[in-house]
Amino acid sequence: MVVLGANGTGKSTLLALLDGLIFPQAGTIHVFGRPLSEAALEDRAFSREFRQKVGFVFQNPDVQLFSPTVWDDIAFGPLQLGFPPDRIRDSVEDLLESLRIQDLRDRPPHRLSDGQKKKVAIASSLAVDPEVLLLDEPTNGLDPRTQVWLIELLEELHRKGKTIISATHDLSIAGDIADRAMVFSEEHTLAADGAFGDIINNEELLLRVNLIHEHAHYHGNTAHVHRHGHFGHYHSNGGTMHDTHKGQHAHAHGHGHEHPHEEAESLRKLQAMLEHWIEHGDTHAESYREWAQKASEAGEEEIAKEIYRAIDDNESVKSHLKRARAILAAKLVLRK
């Protein structure tokens, strides 16, 4: 599940409540059939069970990492829960290998890059083998390649039966990491809860909760209205409408390097090609280059970059294509 909302809507607060780091001033939270409260966590048996079952990856890894070495940070949770030494050693070594961070084992966490810190923070949360993993803005500060790695990891953890709850305002990755979405409004209320596909297609909802926004500039009496969303570092152009104060009607009008109809048709064809490549596992570098060029010519540089990365990154071809598909799908919604 993904918790969506603009900055300051309470996403991080919700995760902190779910992790027992803070407690509600009104109402109750129940976990594993029991109320979650300060009093409940004073029961050592319940506290140990809860801390083993629920892991939390903070938005800022520096808040989470504090030990002298990466190995020590990953081992910290199991040590506090009293795991046997052999189990701790095996768990840490397995995580170092599976997350491909063996070369970081003896390094101080504070000297790592942001992406490396995020990997170590995730490893430290997974070290106790939790049933539930909470992630606050999981892709914050990550380069595109590390984002793809994280998406693949979350998919694998979900297949293994773990419950994944992520809080984010980045619509471009939300569909890759969850099939259900809860949307918070800027009034700190629940604006929607449902299938991610229904949420992402509800443009008026996204506008209302400030997950996308619009602004206008004028050419004569025509107001060109652009709608923008959180899709990596790139924005999506929406439609334009005539100045209603002049009594004129609204109509859609695209912007791009091609004729609007040709550009829209190219993007729809690209969407179909991405679906085909993902479904059939096709790897055709020349076709990828051709369509990456078309995406670039249409002004969709982020999509083009993901397709080019699919050529260069043999281990994560499908993940790059899925990310390109997610960005394109969201942008096509905004073009309606």
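Attention here is on the structure that accompanies the text. Please read these numbers as outputs of a predicted model, since none were measured by experiment.

## Some thoughts on the packing of aromatic side chains
Consideration 1: What the rule picks out here adds up to three aromatic pairs.
Consideration 2: With 6.2 Å between their ring centres and 25 degrees between their planes, Phe-46 and Phe-50 make a pair best called stacked. Placement of both Phe-46 and Phe-50 in helix α3 (residues 44-53) is noted, with a separation of four residues, approximately one turn of the helix. With respect to class, Phe-46 is no different from Phe-50; both count as buried.
Consideration 3: When the ring of Phe-66 is compared with that of Phe-76, the centres are 4.9 Å apart and the planes differ by 85 degrees; the resulting orientation is edge-to-face. With Phe-66 in the loop between α4 (61-64) and α5 (70-80) and Phe-76 in helix α5, this residue pair connects regions lying 10 residues apart in the sequence.

## Brief notes about the side chain of Asp-136
Consideration 1: In this structure, Asp-136 sits in strand β5 (residues 132-136).
Consideration 2: Buried charged residue Asp-136 carries no salt bridge. Nearest counter-charge: Lys-11, at 6.4 Å.
Consideration 3: Side chain to side chain, Asp-136 and Ser-12 meet in a polar contact 2.7 Å long.
Consideration 4: If we ignore the near neighbours within four places in the chain, the residues touching Asp-136 are Ser-12, Leu-15, Phe-56, Val-57, Phe-58, Gln-59, Lys-118 and Ala-167.

## Overview of the sheet that holds β5
Note on sheets: strands pair through backbone hydrogen bonds, and any given pair is parallel or antiparallel.
Consideration 1: Ordered in space as β4-β5-β6-β1-β7-β8, the six strands form an open sheet in which the pairing is mixed. Of all strands in the sheet, those with a lone pairing partner are β4 (54-57) and β8 (190-195), marking the two edges. When strand polarity is set aside, the average angle formed by the axes of neighbouring strands in this sheet is 15 degrees.
Consideration 2: Relative to strand β6 (residues 163-168), strand β1 (residues 2-4) runs parallel, the two sharing three bridges. Of the residues in β6, the one forming a bridge with Leu-4 is Thr-168.

Each value, and the rule that gives it
Residues numbered from 1 in each chain as written. Predicted model: local features only at pLDDT ≥ 70, side-chain atom pairs only at ≥ 80, totals over all residues. Heavy atoms only, no water. Phe/Tyr/Trp six-rings, centres within 6.5 Å; stacked < 30°, edge-to-face > 60°. Helix = DSSP H or I, 4+ residues; strand = E, 2+ residues; numbered from the N terminus. Buried < 20%, exposed > 50% of the residue type's maximum accessible area, 1.4 Å probe, protein only. Lys, Arg positive; Asp, Glu negative; His and termini not counted. Salt bridge = Lys/Arg side-chain N within 4 Å of Asp/Glu carboxyl O. Polar contact = N/O pair within 3.5 Å; in protein donor to acceptor, adjacent residues only side chain to side chain. Contact = heavy atoms within 4.5 Å. Pairing = 2+ DSSP bridges. Axes fitted to C-alpha atoms, helices over the stretch in contact; angles between N-to-C directions.

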